[in-house]
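For reference, the chains in residue letters:
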Amino acid sequence: YDADAYEELQTDTRGKFGGLGMYIGIKADRLTVISPIEDTPAYRAGVLAGDIIAEIEGEATSGMTADEAARKMRGEPGTDVTLTITRDGLDEPLTITITRDIITVVSVKYRRLEDNIGYIRITGFMQPTAEATAEAVNALKAEGVDGFILDLRSNPGGLLSSAVQVASIFLDEGDLIVYTQGRGNHEEFFVTQKLAHTDLPLTVLVNNGSASASEIVAGALQANGRAILMGNKTFGKASVQKIFPIQEGSRGTAVKLTIAHYYTPDDIDIHEVGIKPNVELEALSALEGRMWRRARASDAMKDLLK
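The structure reproduced in this document is the subject of the present report. Everything quoted here is computed from the prediction, not taken from an experiment.

### A word on helix H4 (residues 129–142)
Over its 14 residues, H4 extends 20 Å from the first C-alpha to the last, a length consistent with the 20 Å expected when each residue adds 1.5 Å. What H4 keeps buried is the set Thr129, Ala130, Thr133, Ala134, Ala136, Val137 and Leu140. Each buried residue of H4 sits inside an arc of 160° when the element is viewed along its axis, so together they form one side. Along H4, exposed side chains directed more than 90 degrees from the buried face belong to Glu131, Glu135 and Ala142.

### Overview of the sheet that holds strand E14 (residues 202–206)
The sheet built from six strands is open, its strands ordered E9-E10-E11-E14-E15-E18 with mixed pairing. Where the open sheet ends on each side, the last strands, each with one partner, are strand E9 (108–113) and strand E18 (279–280). Lying over the sheet, helix H6 (residues 213–223) contacts strand E11 (147–151), E14 and strand E15 (228–231), oriented at roughly 140° with respect to E14.

### Re the pattern of salt bridges
What the rule picks out here adds up to seven salt bridges. Taking the shortest distance from any N to any O, the salt bridge between Arg153 and Asp151 comes out at 2.7 Å. Given the relative accessible area of 36%, Arg153 is considered partly exposed. The structure contains a network of salt bridges with shared partners spanning Arg121, Asp151 and Arg153.

### A closer look at the packing of helix H5 (residues 160–170) against H6
Taken N-terminus to C-terminus, the directions of H5 and H6 make an angle of 25°; their axes are 9 Å apart at the nearest point. If you check the angle between H5 and H6, you find them roughly parallel. Of the two possible hands of crossing, H5 and H6 adopt the one that is right-handed. Taken together, the residues of H6 that come into contact with H5 (itself represented by Leu160, Ala163, Val166, Ala167 and Phe170) are Ala213, Ile216, Val217 and Leu221.

### Digging into the packing of aromatic side chains
With the rule as written, the count across this model stands at one aromatic pair. Sitting over the face of the ring of Phe235, Lys27 holds its NZ or CZ atom 4.2 Å from the ring centroid.

### Some details on helix H3 (residues 66–73)
Regarding H3, the residues found buried are Ala66, Ala69 and Met73. Buried residues of H3, seen end-on, are gathered within an arc of 65° and therefore sit on one face of the element.

Here is what the cut-offs are and how they apply
- Residues numbered from 1 in each chain as written.
- Predicted model: local features only at pLDDT ≥ 70, side-chain atom pairs only at ≥ 80, totals over all residues.
- Heavy atoms only, no water.
- Helix = DSSP H or I, 4+ residues; strand = E, 2+ residues; numbered from the N terminus.
- Expected span 1.5 Å × (residues − 1).
- Buried < 20%, exposed > 50% of the residue type's maximum accessible area, 1.4 Å probe, protein only.
- Arc of directions from axis to C-beta.
- Pairing = 2+ DSSP bridges.
- Contact = heavy atoms within 4.5 Å.
- Axes fitted to C-alpha atoms, helices over the stretch in contact; angles between N-to-C directions.
- Salt bridge = Lys/Arg side-chain N within 4 Å of Asp/Glu carboxyl O.
- Parallel < 35°, antiparallel > 145°, perpendicular 65-115°, else oblique.
- Left-handed = near helix turned anticlockwise from the far one by under 90°.
- Phe/Tyr/Trp six-rings, centres within 6.5 Å; stacked < 30°, edge-to-face > 60°.
- Lys NZ or Arg CZ within 6 Å of the ring centre and 35° of its normal.

None of the figures reported here should be taken as evidence of function without further support.
Here you go:
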């Protein structure tokens with residue numbers, strides 16, 4: 001990473017950046033949408049997890065890295081970028097023009113549902129995510145909820161340290177959360193420090209956009225018998241990447257290397273395989289997904305919910 005690219009890389013973990021609002025990666029040698037971020041231009045334009053980005057502004061993405069593609073899609077707020085997308089179930093590619101905006105990610109949202117259930121939605125694992133999750137758990141416990149739903153659907157992941165801290169809230173001290181195995185390198189992550197604690201019943205929602213750090217949390221809770229997973233099979237991204245700064249300072253440079261894979265406590269490497277939920281639900285079709293997003297974002301729906 002040169003200085004500009006390194007600065008962009010660091011903005012992702014802080015939760016505020018300019019662009020379209022989606023996480024991307026390479027899957028089966030194709031530039032794939034891991035997940036759109038809720039309430040962003042990409043989300044509102046109908047981009048879905050699993051979409052293949054074939055072209056960016058008419059330039060083919062074959063051979064392009066995810067970081068190169070991300071830099072091409074970022075830009076000044078108010079400017080447009082045109083994507084050509086292929087999607088399972090559609091005979092013809094989609095051409096979508098999206099207007100860039102400042103993307104500010106609120107990674108944790110929560111509320112009390114009917115039947116006295118606490119609902120916690122995590123959209124990404126960033127630096128403040130674990131503390132925000134702990135605050136949500138404590139606030140809902142104070143309201144006397146009888147159980148929790150942890151929603152990790154379309155959560156593309158993020159920081160390993162954040163995932164370990166979030167899993168620790170729901171597991172017992174000493175439980176294995178995840179371990180990594182690389183070239184002569186083995187590291188285990190246990191529950192050691194707890195920001196909050198609850199032993200109330202827990203259901204975790206996942207889908208094909210749940211990736212990386214969200215799979216660590218889901219896999220740890222499932223393998224330790226702490227939660228029931230419900231939804232669709234997850235994305236399958238189990239690569240551990242580490243950033244090595246080369247030149248320090250405000251305009252530093254760095255190298256990012258994939259150094260290992262992570263494994264669930266029951267020894268499963270889910271890379272390009274994913275985690276199978278305990279209760280599988282039929283996935284929404286592309287049309288159903290677009291209809292739900294438009295309905296949820298409409299002023300009429302917001303007025304009705306009020």
